[in-house]
Structure formats: C-alpha cells, structure tokens
Amino acid sequence: MADPIISLIQILIFPGLIFLFILGLIFEWIDRKVFARFQNRIGPLYTGPRGFLQPLADFIKLLTKEDVTPRYVDKFLFNLLPGIAPVLPVFASFYLPLNGYPILHPFEGDLILIITLMTIYTIIVFMAGWVSTNRFSSIGAARAILQFLGFEIPMFISLASVAIDSASLSITYIADHQPIPYILLQPLGFIIFLIALQAELERVPFDIPEAESEIVAGWLTEYSGPKLAFFRLSNNLMLVFGAGLTTAIFLGGGSGPILPPIIWYLIKMVFVVILSTILRTVFARLRIDQVLSGAWRYLIPLAILQLILAKFLAVLVM
Amino acid sequence: MVSIIGWSRIRSPWILYMCTGACNACDIEVLAALTPRFDVERFGILLKGSPRHADVLVVTGAVTRQVAPRLKRIYEQMPNPKFVIAAGTCATSGGVYWGCYNVLGGIDKVIPVDVYIPGCPVHPQAVIQGVAKLLAKLQEAK
C-alpha cells in the first residue's frame, strides 16, 4: 500500500510538479544570464546570489498584482485559459524518463500523446489572444496559429525519423535504446527539431506572436497579475518540457557513466537550453511571411530527406 | 509573508515607457539606460510592451494637449500597485515648452508622480538613480 504514496510523492514533488516548477525558474535564470552575457551585459544580479531568485521574484510579484479584466472579453475563457496553459507541459513532462523511468506508465504511442499536448498548447495560445478582444491580441493570436501551421509538420517528421529508426513510439524506449545518440546518427533531424522547437516555444527568431515589435505585447496584452504569472509559468514549463523531449529523443535520456540518470538528464537539458538561448541571442526576429515560406520551402523538404535517410539507415541496420 | 511580497515588488519593477510629445532626446537617453553600457536588467527591470504588464510608468516629454487623455488612459490601464517616474525637465515642469499654448506643462497635471528626474536630457545614470530612489522609497514603506 506504499505504492500510491510513492506515486503521489512522485507526481507532486519529484520529479513532478514542484521539481518542474523549480526547474522552470532555474532554466529561465540560465536563459536570461546567458542571453545577457552574449550581449556584453550582466543580467539579473542583485536578487539572490547572482540574480538566482529573479524569476521567483517576478512570479511572486505578478501573483500579488491587481487582476484587471477588460469589460468586453469572454469572461469564462479569459479566466480559464491561464489555468489550463501550465497544465499541458506538466502533463507532457510526466511521460519523460527524467529519473530513468517516467512518472506515468509509458506505452507505445506516448510520443504521439505528447505531440498532441503541444498542439493543444498552441491552440490555447490562439484562444487566449482571440478571447481578449483587443486588436493587437487578435493579430498576435492569428500569427501564432500561422506559425504553428509552418512548424508542426517538420517537427513531427523529424520525430518520426527517430521513431522509425528505433522502431518504437515510446519515448522511454527511444531514450533507453540509443547506443549511439540520435544527434550523431540523424544530425539533420536534430537541427530541424531544434529550429521547430524554437518556433514552438515562440522564442526569437520566431517570437512574432508574443512580442510583436514590443510596441504591443501580442496575444498576452490584456492579461495582468496572476493570469500573466501563469502564462509566463507555462512558457517556462514548455521550455523545460522541450529541453526534456530533445534530451530523451536525440541525446539519449539519462544514460551516462557513474552519475545517476537524473543528473545526466539535467546536464543534457541545460545543454539544450543553452543551445536554444544562443539561437535566441544570435538571430533577429523573422517576419511571419518569412517564417512560413522558410518552413514550407526549406524545413519540410529537409525533414522529408531526413525521413528517407532514416528509413535507409533502418534498412541497413536490419 | 508580507515581507516576501514587498521583497518581490522591489526586486522586479517592470517598466513601461511612454513619450508624451517631446524632442525625443530623453527618449534616446532612457533607451540608452537599457543598453549594455548601463544595463538596468541587473535590478530586475524589464521593458514591457503592454500597460497591463508593467509596474512603473516612465514618462518623458511635456504633455501636449492631444496626448493628455491618452496618458491618463494608459495610467488607468496599469494594474495596482503602480508608480510613475517623470524623466526630464519637460516631464517635471514643462521645461523649454513651459507656457506654450498647446502644452499642459509637466505630467503631474494629469497623473500622480512618484519620482522626478531633472535633466535636459536626463543622463542614463540619473535614470538609474531615480529608479533606485523609487525602490528605496518602497523599501521604507514596506
């Protein structure tokens, strides 16, 4: 009968809700510090040692601000969506083999379930912008959906290439059975997945929905106080989840000598986050038409090429 | 518990920047305060695009009659607790444009102001000092 208690501890504390929440704050700190260093700045410095508590201070401050609800928004959805948004990446992260074995029992096809959750997240972003009945939010929401149209397909195809090569749709199986990590076997797929992940997380160079030239704030414009806190939290949790998925699929999960699997998993996730931040630092923001034409003209043919190569690789191995 | 809330408010002041009709010199200087040379992100300051996200409104420029209702509207769109910094002599009292027929002269004729930063244009270090004084004021009020 100790089993439900262990499951409860796993879901709530480690590697569940509280662990993912803390990891989200730590990754935001890493992101901001690396971003600042690349720009010859220092980044957050005075909040806690070396600015470590800055994301926590942001979160608490937002929770205590007044919650303004504009008069003409759809009140039910406006209040509901910030609650749903963080749940999706957390639920998806429960299928990642963080400690060698995921919290929820893995099954063939949990890769597809995770992809579905990411799709629903983009739809939530669209609804959040649409429901705000602000002309800037509507533009941001429409651009979020347009960007999603461009990037889901190369992301799925690059994941499918790995799934074909390892003959399984279960993330835990793919993570455990990588004698050579897929970043070396399918580097093209890794690059395409990294670019598509950058677009999924709405980070520069693909952050048109969120920070539309910083004159307005895109789909987030009308959310203030606790609702904004939860959307920012969902952004951080998506970063954690994206890094975790990349690690499981392409970098071999928690495999590595001597140290326990969770430590290796964290090291690889930090590596992916730093890679994503470097992409964020180096590039400028792309226009929405450039994003779409780039995705359909370059990424999808390359992804299909990778799929064909993966099929040949699988045939060769057999 | 209350001190944690106060701590988080002092450590994370997000600013919204607005120009109410000026010669734009103060705008350039406030922008310079955000660049790597002066780097206000050390204090946790982020430049936000929407009034709904910001805590501190940094205003430059003498308030022209056309922009005055818009300034009031932006101030009212910000959620509580909110603070206002008047950057530049024009924002403080009208500056060179004091007495003009279309200028109200100083933003405290429209919205309540917490910190005044003189200068024509403001030095970015003065902007940082002004923000630090605002945070010190909050610290005492805690």
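Quantities reported herein were computed from a predicted structural model and do not represent experimental measurements.

Participant: Describe a nonpolar patch on the surface, naming the residues involved and giving the relevant values.
Facilitator: All names here are of chain A. A surface patch of nonpolar side chains, amounting to about 800 Å² of accessible area, comprises Ile5, Leu8, Ile9, Leu12, Ile13, Phe14, Leu17, Ile18 and Ile22. No other element matches the four residues that helix α1 (residues 2–12) contributes to the nonpolar patch. Along the polypeptide, Ile5 turns up in helix α1. By relative accessible area, Ile5 is classed as exposed at 54%.

Participant: Lay out the interface of chain B and chain A with the relevant residues and their values.
Facilitator: Tallying the contact residues gives 25 residues for chain B and 33 residues for chain A. In this assembly, chain B packs against chain A so that about 2600 Å² is buried in total across both faces, 55% of it on carbon and sulfur atoms. If you sort the residues of chain B by the area they bury against chain A, Glu41, Arg42 and Arg52 of chain B come out on top, with a joint share of 24%. Between Asp55 of chain B and Lys65 of chain A there is a salt bridge, with the nearest N and O atoms lying 2.4 Å from each other. Where chain B packs against chain A, one counts 22 residue pairs in polar contact (both at pLDDT 80 or more). Among the residues making up the side of chain B that touches chain A, the classes are represented as 10 nonpolar, seven polar and eight charged.

Participant: Can you explain the nonpolar core? Please cite residues and give values.
Facilitator: Counting 83 residues, the largest nonpolar core has Phe27, Leu111, Ile114 and Leu245 of chain A as its most contacted members. If one sorts the elements of this core by residue count, helix α11 (residues 226–250) of chain A sits on top with 14 residues. Not counting residues up to four positions away in its chain, the partners in contact with Leu245 of chain A are Leu96, Leu111, Ile114, Met118, Ile171 and Phe193 of chain A. Core analysis: the next-biggest nonpolar cluster, separate from the first, contains 21 residues, Ile85, Ala87, Val115 and Ile117 of chain B among them.

Participant: Describe the packing of helix α2 (residues 17–38) of chain A against helix α12 (residues 261–282) of chain A, and please don't skip the residues or the numbers.
Facilitator: Residues and elements named next belong to chain A. At a minimum axis separation of 9 Å, α2 and α12 run at an interaxial angle of 40 degrees. Judged by the inter-axis angle, α2 sits oblique to α12. For the pair α2 and α12, the sense of crossing is right-handed. In this structure, α2 uses Phe19, Leu23, Phe27, Ile30, Asp31, Val34, Phe35 and Phe38 to contact α12, whose residues at the interface are Ile262, Leu266, Met269, Val270, Val273, Ile274, Thr277, Ile278, Arg280 and Thr281. Considering only residue class, the contact of α2 with α12 consists of 14 nonpolar, two polar and two charged.

The rules behind these values
Residues numbered from 1 in each chain as written. Chains lettered and ligands numbered in written order. Predicted model: local features only at pLDDT ≥ 70, side-chain atom pairs only at ≥ 80, totals over all residues. Heavy atoms only, no water. Patch = residues over 30% accessible without salt bridge, like charges linked within 9 Å, V, L, I, M, F, W, Y side chains within 5 Å. Areas by Shrake-Rupley, 256 points an atom, 1.4 Å probe, with all protein chains shown as cover. Salt bridge = Lys/Arg side-chain N within 4 Å of Asp/Glu carboxyl O. Helix = DSSP H or I, 4+ residues; strand = E, 2+ residues; numbered from the N terminus. Buried < 20%, exposed > 50% of the residue type's maximum accessible area, 1.4 Å probe, protein only. Contact = heavy atoms within 4.5 Å. Buried area = accessible area lost by both parts, 1.4 Å probe. Polar contact = N/O pair within 3.5 Å; in protein donor to acceptor, adjacent residues only side chain to side chain. Nonpolar A, V, L, I, M, F, W, Y, C, P; charged D, E, K, R; others polar. Core = buried A, V, L, I, M, F, W, Y, C linked by side-chain atoms within 4.5 Å. Axes fitted to C-alpha atoms, helices over the stretch in contact; angles between N-to-C directions. Parallel < 35°, antiparallel > 145°, perpendicular 65-115°, else oblique. Left-handed = near helix turned anticlockwise from the far one by under 90°.

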